[in-house]
Amino acid sequence: MVASEFPGRSNKLILFDVDNTLTRARQTITPAMTKVLQELKKKAVIGFVGGSDFVKISEQLSVNRSNVVEDFDYAFAENGLTAYKLGKPLPSQSFIKFLGEERYKPLVNFILHYLADLDIPIKRGTFVEFRNGMINVSPLGRNATIAERDEFEVYDKKQGIRAAFVKVLQEKFADYGLTFSIGGKISFDIFPRGWDKTYALRHVEHEGYEEIHFFGDKTYKGGNDYEIFADPRTIGHSVENPEDTIKQLKEIFQI
Ligand code: M1P
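Residues numbered from 1 in each chain as written. Predicted model: local features only at pLDDT ≥ 70, side-chain atom pairs only at ≥ 80, totals over all residues. Heavy atoms only, no water.

- The protein is annotated in an unreviewed UniProt entry as Phosphomannomutase from Lentinula guzmanii.
- The annotation that UniProt attaches to the protein under Sequence similarities (unreviewed entry) is "Belongs to the eukaryotic PMM family."
- As recorded by UniProt, the Subcellular location (unreviewed entry) comment attached to the protein reads in full: "Cytoplasm". (UniProt positions renumbered as here; feature names shortened; annotations may be inferred.)

Here is the structure:
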């Protein structure tokens, strides 16, 4: 089935994390990366698996207003909770359906109180972002500038603001069946256990691929690429940054 859907290509699926693997964090894809992906797509089936929501990933990966769901054979946003194959949406679940309004309210109320009491150098806006498959919590606020994001990242490395927040939530909501994942620079994601990036594999594991490769930068334990990188269904590749991704792709796939 795979072969006939992707004629002329090998039976290998190559999946990529987005931030710091295909692009610099929250930035747009470079012409060099686009070219390498176009070459790779002639040989194999390609897809991305991002933690961010679909709109943000599209902004990062669209070149000259191209459509990411056409550029990539598989498009997985929010760890695969929003999913497309060959431009068509695949069925998905939602965070709120999993949790229910009655359990969600105490969680978000606790988060908002905690954020309000947090004394950090600056705060901006959008502290809790409600997505289809997760909520994203940022002490700084999601509409900070790139410079403000970078400053927060440095500050957080020293002060452990997110790590401490996550620890409190893990203890307080231990019976909720949730994962708290620090994936980016200024925030952390909260989603049902098992809805990490391996969720995306549910869409492809029975499609008959002989190899599924995954490239990501946060492949260490605790990073948001760890589970899919270490999963026995994938061949994991750890990268430093987008330039390293290009280098490894050229070496491994001779492009
Ligand atoms: O790298 C993936 C993460 O990217 C963003 O994180 P931040 O804004 O903290 O840099 C978020 O979209 C987050 O959900 C995602 O996991």
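That was the structure; now back to the text.
**Some words on the UniProt feature "binding site: alpha-D-mannose 1-phosphate" (unreviewed entry) in the protein**
For step 1, the next point in the chain: As annotated by UniProt and renumbered to match this structure, "binding site: alpha-D-mannose 1-phosphate" (unreviewed entry) occupies Arg26, Arg131, Arg142, Arg149, Ser187 and Asp189.
For step 2, the next point in the chain: Classification of Arg131 as buried rests on a relative accessible area of 5%.
For step 3, the next point in the chain: Every residue in contact with Arg131, bar those within four places of it in the chain, is listed here: Gly51, Ser52, Asp53, Lys56, Glu78, Phe95, Asn136, Arg142 and Asp189.
For step 4, the next point in the chain: There is a polar contact of 3.3 Å between the side chain of Arg131 and the backbone oxygen of Gly51.
For step 5, the next point in the chain: Locating Asp189 in the fold gives a position in strand E9 (residues 188–192).
For step 6, the next point in the chain: Those residues in contact with Asp189 that sit more than four places away from it in its chain are Arg131, Met134, Ile135, Asn136, Thr179, Phe180 and Ser181.
For step 7, the next point in the chain: Only 2.7 Å separates the side chain of Asp189 from the side chain of Asn136, close enough to count as a polar contact. (Buried < 20%, exposed > 50% of the residue type's maximum accessible area, 1.4 Å probe, protein only. Contact = heavy atoms within 4.5 Å. Polar contact = N/O pair within 3.5 Å; in protein donor to acceptor, adjacent residues only side chain to side chain. Helix = DSSP H or I, 4+ residues; strand = E, 2+ residues; numbered from the N terminus.)

**A few points about the sheet that holds strand E2 (residues 45–49)**
Pairing between sheet strands relies on hydrogen bonds along the backbone, with the strands arranged either parallel or antiparallel.
For step 1, the next point in the chain: Pairing in this open sheet of seven strands is mixed, and the strands run E5-E4-E3-E2-E1-E10-E11 from one edge to the other. Edge positions in the sheet fall to strand E5 (88–90) and strand E11 (235–238), since each has one partner strand and no second. Put simply, the sheet's adjacent strands are angled 20° from each other on average, direction ignored.
For step 2, the next point in the chain: Of the strands in this sheet, E2, strand E3 (74–77) and strand E4 (82–85) are in contact with helix H3 (residues 54–61), which crosses E3 at around 130°.
For step 3, the next point in the chain: Contacting strand E1 (12–16), strand E10 (211–216) and E11, helix H10 (residues 242–253) runs over the sheet at an angle of about 155° to E10. (Pairing = 2+ DSSP bridges. Axes fitted to C-alpha atoms, helices over the stretch in contact; angles between N-to-C directions.)

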